[in-house]
Amino acid sequence: MRFAPGGWTESTKDKAIHITKRYIPFWNFNLYGSINSQIKLGQTTTVRRGKTSVPSTQWYSTTMKLNKISLIDMNIYACQTLDRYHLNKLNISFENNQIINLNNQEKDIEQWTVDKDTAFQIGWDLNMVPQTKQILTQQAQQVYPYYSNMKIDSFHFDINTKKERLLYYPIYIINYEYGSTDFTCLIDGITGRVEGDRQYSMLKVTLATLIGFYPLALTAIVGVGSMVDPSIGIALASFLSFKTAIPIACIVSPLVGLYAKNYPKLYRQRVNQQQWQNYTSNASQFTYDFTTPFQQQYQSYRQQQQQSYRQQESRQQQQQQQRTRESSTRSKEETSLDLYNLLSVSRTATDKEIKRAYLLKAKELHPDRNPGDKKAEEAFKKVNQAYAILSDKFKREQYDKYGYESVKYN
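Residues numbered from 1 in each chain as written. Predicted model: local features only at pLDDT ≥ 70, side-chain atom pairs only at ≥ 80, totals over all residues. Heavy atoms only, no water.

Description of helix α3 (residues 202-226)
Step number 1: For α3, with 25 residues, the first-to-last C-alpha span of 34 Å sits near the 36 Å given by 1.5 Å per residue.
Step number 2: A bend of about 55 degrees at Phe 213 is the largest found in α3, and the proline Pro 215 appears one to four places after it.
Step number 3: Every buried residue of α3 is accounted for by Thr 206, Thr 209, Gly 212, Phe 213, Ala 217 and Gly 225. (Helix = DSSP H or I, 4+ residues; strand = E, 2+ residues; numbered from the N terminus. Expected span 1.5 Å × (residues − 1). Bend = angle between axes of the 7 residues up to and from the residue. Buried < 20%, exposed > 50% of the residue type's maximum accessible area, 1.4 Å probe, protein only.)

Topic: the packing of helix α8 (residues 351-365) against helix α9 (residues 374-390)
Step number 1: One way to put it is that α8 packs onto α9 with a least axis distance of 9 Å and a crossing angle of 165 degrees. Considering their axes alone, α8 and α9 lie roughly antiparallel with respect to each other. Between α8 and α9 the crossing geometry is left-handed. For the pair formed by α8 and α9, the contact residues are Ile 354, Lys 355, Tyr 358, Lys 361, Ala 362 and Leu 365 on the first element and Ala 376, Ala 379, Phe 380, Val 383, Asn 384, Tyr 387 and Leu 390 on the second. (Axes fitted to C-alpha atoms, helices over the stretch in contact; angles between N-to-C directions. Parallel < 35°, antiparallel > 145°, perpendicular 65-115°, else oblique. Left-handed = near helix turned anticlockwise from the far one by under 90°. Contact = heavy atoms within 4.5 Å.)

Notes on the pattern of salt bridges
Step number 1: One pass over the structure, following the stated rule, counts seven salt bridges.
Step number 2: With a closest N to O distance of 3.3 Å, Arg 193 and Glu 195 form a salt bridge.
Step number 3: Between Arg 396 and Asp 351 there is a salt bridge, with its nearest N and O atoms 3.8 Å apart. Here the residue Arg 396 occupies a position in helix α10 (residues 393-402), and Asp 351 occupies one in helix α8, the gap between them amounting to 45 residues.
Step number 4: In this structure Asp 351 comes out as exposed when scored by relative accessible area, which is 55%.
Step number 5: In the salt-bridge network here, residues are joined through shared partners; they are Lys 89, Arg 193 and Glu 195. (Salt bridge = Lys/Arg side-chain N within 4 Å of Asp/Glu carboxyl O.)

Points about the nonpolar core
A general feature of soluble globular proteins is that nonpolar side chains tend to end up buried together.
Step number 1: By size, the foremost hydrophobic cluster in this structure holds 28 residues, and its most contacted members are Phe 29, Leu 31, Phe 120, Met 128, Leu 136, Phe 155 and Phe 157.
Step number 2: Sorting the residues of this core by element identifies β1 (17-49), β2 (52-77), α2 (116-143), β3 (149-178) and β6 (286-290) as the ones contributing at least two each.
Step number 3: Here this core gets seven residues from one element, more than from any other, and that element is α2.
Step number 4: Membership of the second largest hydrophobic core comes to 19 residues, among which are Leu 343, Ile 354, Phe 380 and Tyr 404. (Core = buried A, V, L, I, M, F, W, Y, C linked by side-chain atoms within 4.5 Å.)

Some thoughts on the side chain of Asn 30
Step number 1: Take Asn 30: it is sitting in strand β1.
Step number 2: The exposure class assigned to Asn 30 is buried, which follows from its relative accessible area of 13%.
Step number 3: At 2.7 Å, the side chain of Asn 30 forms a polar contact with the backbone nitrogen of Asp 73.
Step number 4: Not counting residues up to four positions away in its chain, the partners in contact with Asn 30 are Leu 71, Ile 72, Asp 73, Thr 161, Lys 162 and Lys 163. (Polar contact = N/O pair within 3.5 Å; in protein donor to acceptor, adjacent residues only side chain to side chain.)

Some thoughts on the packing of α9 against α10
Helix-helix packing is characterised by the crossing angle of the two axes and by the distance between the axes.
Step number 1: Between α9 and α10, the shortest axis-to-axis distance is 6 Å and the interhelical angle comes to 105 degrees. The angle between α9 and α10 places the two elements in the roughly perpendicular class. Each of Ala 388, Ile 389 and Leu 390 in α9 lies in contact with α10, whose residues at this interface are Lys 395, Arg 396 and Tyr 399.
Step number 2: Taken together, the residues of the contact of α9 with α10 sort by class into four nonpolar, no polar and two charged. (Nonpolar A, V, L, I, M, F, W, Y, C, P; charged D, E, K, R; others polar.)

Structure representation (structure tokens):
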């Protein structure tokens, strides 16, 4: 397999592996402004407690302001199909890469579905807050070099310039099956970096645990006991014989193997929970706002966008009303449709009489005998519908009881 920009090629001997090439959409943001922050500085000292000394950290609160700060090349995935967690770990960057125009008809382009306002909100929590905290921490280390610990309690970002554009980045998407589980792997089409869920063989991990359980358990017991006294460690180890360890290993090993098999899923759940906890705890502490000139410009853009949406909704309503009127007219025609009258038979006609009448009508109205006659063609379709319903005993009973609406088909 060869990566971009040299070109796309796909080759694999395993049919369970599927390689897909995609140009993935990203909203690219550049932010410029100033930040007011509240930080905590920690100084660690040694405190004596009885005969031992323990470290103790004293915290001091202070404020710090950065007048000129920029967040450059913040790229937020503009769809929902791929995993944002692994895309973020690829560290997608357009800053040092040559940007070219793509053909809109290119089949490898994934169409964006997340608008830039929604993408900005997602990116603020996942990308911009962590990067801003990193910048503030680096600045605090330069200003307060004598403090070993630093925490960013809160900050407010006043944005005076915001630039955004929609860009596409080459990604290889590899879907493969391992055991009975499906996995997805993402490969950066520029750098070749790989991100994806790790997978472990339950059988291999179980066998490895079974083989190594006795020496590992023995070493752990001796080590823990020796922390108190070496003789205690040796005494504890004497209680764990090989015969005693076998049934314990037979119970523990499958559990370890099962955990290893499900580790990727459990890990992702833990990451998602941690991200949600960070969001709920930090949402009110790390905020942003737009300065007055930018607010006016943004408000004008929002008004234009809302006006465009209203016009689009108005057109859609008119189209819906037109479809409703057409459907109502068609429904009235269908409700009054008399299938027996179409075939020119009575309601008590037998199956043979209905079939004979249908053949005569079909022969009379067949398109081959009436080329270019739209009315004859429409009547021919209705005659076919009538025969299909009346020749079926169940449908005919339904029609006689409830009318055409209960048995019609398109």
